[in-house]
Amino acid sequence: MSHVPQPTTGSGRPTIGLLSQELIFETGVSYLNGVETSARHYDVNLVHIAGNPLRSTLEFEIQSNIFYDLISAHNVDALLIASNLLGVFAPFAELTALCHGYQPLPIVSLGMIVDGIPSVVLDNTEGMYAELSHLIEIHGYRRIAYISGSAEHPDAQERQKVYLQALADHDIPVDPDLILPGDFQAASACEAVRVLLDERQWRMGRDVEAIVTANDYMALGAIRELQARQVHVPEDVAVVGFDDIMLSRLLTPPLTTVHAPFNDVARRGLEILLDWLAGKSVPTVTKVSSRAVIRQSCGCSETAQPGEREGIVLSAEMIGMIENDPQRALWGLNQKLRDGRDMLIWERALAALRRHVPALPKTESGQICKELWEVLTATAYLTFQDNQYNQLMQELGRALISCVDLAEITDILAARLPQLGIRRCYLALYENSPAFEYPQRAPEWSRLHLAYTETERLDLPAEGLRFPTRQFLPQDALPQHERYTLIIEALYFRQTQIGFIVFDYGARDVQIYTMLQSQISSALQGAALVRQSQEHAAEIARQKYILDTFMANVPDSIYFKDRESRITHTNMALARLAGFHDPSEILGKSDFDFFPEEQARPKYEQEQTIIRTGQPLLAIEEPDAGGHWALTTKMPLRNERGEIIGTFGISRDITELKQVQHELAASYEEIRILNDQLNDENVRMHAEMDLARQIQTALLPQMVKHLHPDFEIAATMLPAEEVGGDYYDVALDREGALWLGIGDVSGHGVTPGLIMMMAQTVHTTITTNYHASARDIVCMINKVLFKNVRGRLKEDHFMTFTTLKYLGNGRFQHAGAHLKLIVYRQRIQMCDVITTQGTWLNFVPDIEHATVNAEFTVDVGDLLVLYTDGLTEVWNSQKNMLDIHGFTEIVTRHAEKEVEVCRDAILHDVMTWCQQNQKDDMSLIVVRRIR
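Reading the values: rules and limits
- Residues numbered from 1 in each chain as written.
- Predicted model: local features only at pLDDT ≥ 70, side-chain atom pairs only at ≥ 80, totals over all residues.
- Heavy atoms only, no water.
- Pairing = 2+ DSSP bridges.
- Helix = DSSP H or I, 4+ residues; strand = E, 2+ residues; numbered from the N terminus.
- Axes fitted to C-alpha atoms, helices over the stretch in contact; angles between N-to-C directions.
- Contact = heavy atoms within 4.5 Å.
- Phe/Tyr/Trp six-rings, centres within 6.5 Å; stacked < 30°, edge-to-face > 60°.
- Buried < 20%, exposed > 50% of the residue type's maximum accessible area, 1.4 Å probe, protein only.
- Arc of directions from axis to C-beta.
- Salt bridge = Lys/Arg side-chain N within 4 Å of Asp/Glu carboxyl O.
- Expected span 1.5 Å × (residues − 1).
- pLDDT = per-residue confidence, 0-100.
- Core = buried A, V, L, I, M, F, W, Y, C linked by side-chain atoms within 4.5 Å.
- 1 Å grid on protein atoms, 1.4 Å probe; cavity = no way out; pocket = protein on both sides within 12 Å on 5 of 7 lines; lining within 4 Å.
- Points joined across faces, edges and corners; volume = space filled by probe spheres on them.
- Nonpolar A, V, L, I, M, F, W, Y, C, P; charged D, E, K, R; others polar.

**Some thoughts on the sheet that holds strand β30 (residues 854-857)**
Moving on, step 1. With antiparallel pairing, the five strands of this open sheet are ordered in space as β24-β25-β26-β27-β30. Bordering the open sheet on either side are β24 (725-732) and β30, each of which pairs with just one other strand. Ignoring strand direction, the axes of neighbouring strands in this sheet form an average angle of 20°.
Moving on, step 2. When strand β27 (residues 811-815) meets β30, the two strands line up antiparallel, connected through four bridges. When the sheet's bridge partners are listed, Gln813 is paired in β30 with Glu855.
Moving on, step 3. Sitting on the sheet, helix α20 (residues 750-769) touches β24, β25 (738-745) and β26 (799-808), and the angle it makes with β24 is about 15°.

Here you go:
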């Protein structure tokens, strides 16, 4: 078992970890006190890792166990584990696994034998047997009930064996009905008493003469239940316990029990650890003796144990006796030593004694009176200190509960904790962790937000000092030249982990650490909720600002309506369209106030259907105020609970688009009439081709070379004899962004030309009037084409189309399915081929699910080339197709030339390849980035 690590602190002394329950458990306090006292003697640093039982009976207390996973050689050199305390709430196998999980750290188990680990345990036999023998031999009890501890706990098993052995040694037959199950908790003893009295109908004093419990907590529970049923202890039945906790001495009557010297167990465990660290051999099991403590609950008269000095509770009658007969009164006080907390009673009792003690004779009675005077004086002083201490705790609690931020909490702790005797304190919060709960592992990093010692408060960054969580504290924050005893408490609120706090062990009342853990956790959670509320309010304000700004500036009409279709909120665009100067002027109005009944009624019915079904209406065309047409989307409006409270919608003015559609329809009608009038099919075809060519060429952009300061642009289209549906566009939107578009409608003739015109109209209208993405343009063109071409013209032509938007800094955004894009990279003098994404237009009414925005970049000097299939799907006399590979070779050959020269050279080489046999439109755009 040789293990000699380097001390974790670098201070030259080992650091010992103590793993046990929260400090509120008195036995846990005894272990801490015992180790701390010995640690001072042996010059050892001590770190108490305060947790709860592995399976706490309290709903959220298990959250304290988060540090179990962090214990390692990074923070301690060796470990003491209070296994008998943790084992109360956990199966032995689980506890054993916990202990072995910390190896190869040197480990000593306190209170329970764990295989493979040196263990220091309490010898239950001597004290328990003496207590039972006292009940049998001194009081003559034979009907002795026993309330056992947790069935799997070794201490419980050993104490029950002693009970059975004592009965056998005194020839008392074992009655199984007198043995009742328990779990070391007071509630289980209450249940055992209920079984004896209610289910078995046994009489106390006859059927049951004494009750022996496996620990003091169950004894206290049994006495409380008996007293509630008017059964007197010890007059009707004796009750005894095991452990000798503080409450056993303060109980009425004081509890006969077995003194378990946990301090000695802890001290011996520390000594074994230090021997182990020094390379010495250590025993496997070490036992510490227990002894019986006889008080009044077994039926004996008052017999204070050596070293006990208990407080005194004074009744009003006793105070009167002090006034009239001080000697008799003080003899009565000697029979009622208790822990008094009422300052008024102490003051009156001391006043009475002060008048009589100086005159008392130097007899045995007088000496007792003088001793009691000293007890009363000392107890009154302690009571005064307790009141001051409680007042400080109350003031701290009130101050913390009103905190609204972390800085205020740390300031309050730094100012007030030293008043409670806590010389050092370190507060750390987990770094950037979302809400999590044990048994999830703690975040890897934490930040120290408070560190003070008895001499100074460390100056920490506003965001905290970052350190690995498993170190518990930054190394520089620990005392380097003096020993220390630290207590680590997890900070959590309900199941949410927050961080942890490290205290110096110096407060007079040890339970204060658990109380502070709860108060600080609540304060931190409250501050976090305030911060979240502030951030939420700020986010709401930001969102409202964005919404208000959007509604104030967007040209589209936006409205919100209630369940009766009355306007509750709108923007300036809708107000102007309705003829008002202020949006507030139309609040409370409905469509019936702006439209005739035949127009308002369908709108109202649409909105009521949305409210009833929760289904939106998307992209519907409808008449709007002032003779306009609108493309409208209407959605259900829901509150924070998801309930529909009305509708909201956005309408885009498509009057110009409708006019273009009308003009296109009129043009088509003219062509149809002309076709009827022409007898010569060639004349009709030539007329159609000429019209298509006019349509196709008339819409092409002119003067594009210096349209945008970042680029030089050259573009052209060579129509074929049978005009196809080629289309390209080069334009700037209202914000100055460059837009490029290129596409090809299937088929030849007027119809593809008209379809191309529709696409051009939508593309130009949206890019020059609205802020949109490439995806928005493609989806909108598809909707218009599908509605008009398939719905009205009854044609099934499809269109390949890609649009590109320049985002700045060489970045292009593109959407839609067309031929691959070519980028000649000047730096490497090679062409990059970029695949377009999406689907062809006019196949389905909605392509939003298949259309995405994508991006690529061009550097200064690079050349972007857009083209139609008339330039790649051409054949030579050997029936070989030029295809994309041959075309990129042509582009590479001329890419370094000026853009217009480059454009013409590319067209020349393609026409040379196909020997001037042009079967399809040829469209070409070349764009060079110049800055």
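**Overview of the packing of aromatic side chains**
Each aromatic ring pair is specified by the distance between its two centres and by the angle formed by the two planes.
Moving on, step 1. What the rule picks out here adds up to 18 aromatic pairs.
Moving on, step 2. Relative to Phe500, the ring of Tyr430 has its centre 6.0 Å away and its plane inclined at 55°; by these criteria the two rings are tilted. Taken together, the residues Tyr430 in strand β13 (residues 425-430) and Phe500 in strand β17 (residues 496-504) connect sequence positions 70 residues apart.
Moving on, step 3. Tyr430 gets classed as buried once you look at its relative accessible area, which sits at 7%.
Moving on, step 4. Judged by its relative accessible area of 0%, Phe500 falls in the buried class.
Moving on, step 5. Ring geometry for Trp840 versus Phe843: centroids 5.9 Å apart, planes at 25°, classification stacked.
Moving on, step 6. Residue class for Phe843 comes out partly exposed when judged on its relative accessible area of 40%.

**Describing the sheet that holds strand β3 (residues 78-81)**
Moving on, step 1. Strand order in the open sheet made by the eleven strands is β11-β5-β4-β3-β1-β2-β16-β17-β13-β14-β15, with mixed pairing throughout. At either margin of the open sheet sits one strand with a lone partner, and together these are β11 (285-289) and β15 (465-468). Ignoring which end each strand starts from, the neighbouring axes of this sheet average 25° apart.
Moving on, step 2. Pairing of strand β4 (residues 107-110) with strand β5 (residues 119-123) involves two bridges; the strand directions are parallel. The partner of Leu110 across the bridge, within β5, is Val120.
Moving on, step 3. Set on the sheet, helix α15 (residues 512-553) makes contact with β13, β16 (485-493) and β17; between it and β16 the angle comes to about 40°.

**Considerations on the environment of Pro474**
Moving on, step 1. Here Pro474 is to be found in the loop between β15 and β16.
Moving on, step 2. The class of Pro474 is buried, set by a relative accessible area of 9%.
Moving on, step 3. In sequence terms Pro474 and Ser446 are 28 residues apart; their C-alpha atoms lie 9.8 Å from each other.
Moving on, step 4. Contacts of Pro474, omitting those with residues within four sequence positions, involve Leu448, Leu465 and Phe467.

**Here we look at helix α3 (residues 92-100)**
Moving on, step 1. Within the sequence span of α3, burial applies to Leu95, Thr96, Leu98 and Cys99. Projected down its long axis, α3 carries its buried residues within an arc of 160°, all on one side. In this structure, α3 carries Ala93 and Ala97 as exposed residues pointing more than 90 degrees from its buried face.
Moving on, step 2. On the buried face of α3, the contacting elements are β1 (15-20), β3, α2 (83-86) and β4.

**Regarding the pattern of salt bridges**
Moving on, step 1. A complete count under the given rule lists 42 salt bridges for this structure.
Moving on, step 2. A salt bridge links Glu605 to Arg601; the shortest N-O distance between them is 3.8 Å. Taken together, the residues span about one helical turn, with Glu605 and Arg601 both in helix α17 (residues 597-613) at a distance of four residues.
Moving on, step 3. A residue is classified by how much of its surface remains accessible, and Arg601, at 35% relative accessible area, is partly exposed.

**Topic: helix α9 (residues 262-277)**
Moving on, step 1. Along its 16 residues, α9 runs 23 Å from first to last C-alpha, staying within 8% of the 22 Å computed at 1.5 Å per residue.
Moving on, step 2. Immediately beyond the C-terminal end of α9, within one or two residues, lies Gly279, with a positive phi of roughly 85°.

**Side note on the environment of Leu821**
Moving on, step 1. Along the polypeptide, Leu821 turns up in strand β28 (residues 821-825).
Moving on, step 2. With a relative accessible area of 2%, Leu821 lands in the buried category.
Moving on, step 3. It is 9.9 Å that separates the C-alpha atoms of Leu821 and Cys831, two residues lying ten residues apart in sequence.
Moving on, step 4. Apart from residues no more than four positions distant in its own chain, Leu821 is found in contact with Leu804, His814, Asp832, Val833, Ile834, Thr836, Phe856, Val865 and Leu866.

**Looking at the confidence of the model for the protein chain**
Moving on, step 1. On average, residues of the protein chain carry a pLDDT of 81, and 83% of them reach 70 or more.
Moving on, step 2. Every residue in residues 54-58 scores below 50 in pLDDT, and together they form 13 contacts with partners more than four places removed in sequence or on other chains.

**A closer look at the nonpolar core**
Among soluble globular proteins, nonpolar side chains are generally buried collectively.
Moving on, step 1. Among the nonpolar cores identified, the biggest contains 112 residues, and Leu226, Leu417 and Ile520 are the most heavily contacted of them.
Moving on, step 2. Among the elements that line this core, the one with the most residues is α9, at nine residues.
Moving on, step 3. Every residue in contact with Leu417, bar those within four places of it in the chain, is listed here: Leu396, Ile412, Ile422, Cys425, Tyr452, Phe503 and Leu516.
Moving on, step 4. In this structure, Ile49, Ile81, Ile107 and Val114 belong to the second largest nonpolar core, which totals 40 residues.

**Remarks on the pairing of β5**
Moving on, step 1. Judged by how many residues are buried, β5 sits mostly within the fold: five of five residues are covered.
Moving on, step 2. Inspection of the sheet shows β5 paired to β11 by five bridges, in the parallel sense. In the strand pairing of β11, Val120 is matched with Thr286.

**A word on empty space enclosed by the protein**
Empty pockets left among the atoms are what a rolling probe the size of a water molecule brings to light.
Moving on, step 1. For the structure shown, the criterion picks out three cavities of 30 Å³ or more.
Moving on, step 2. The computed volume of the largest cavity comes to approximately 220 Å³.
Moving on, step 3. Along its surface, the largest cavity is lined by 19 residues, and Tyr559, Leu574, Asp591, Phe595 and Asp624 are the ones closest to its centre.
Moving on, step 4. Secondary-structure elements contributing two or more residues to the lining of the largest cavity are β18 (557-562), α16 (572-577), α17 and β21 (629-638).
Moving on, step 5. At four residues, the largest contribution of residues to the lining of the largest cavity is made by β18.
Moving on, step 6. The residue inventory of the lining of the largest cavity, partitioned by class, reads nine nonpolar, three polar and seven charged.

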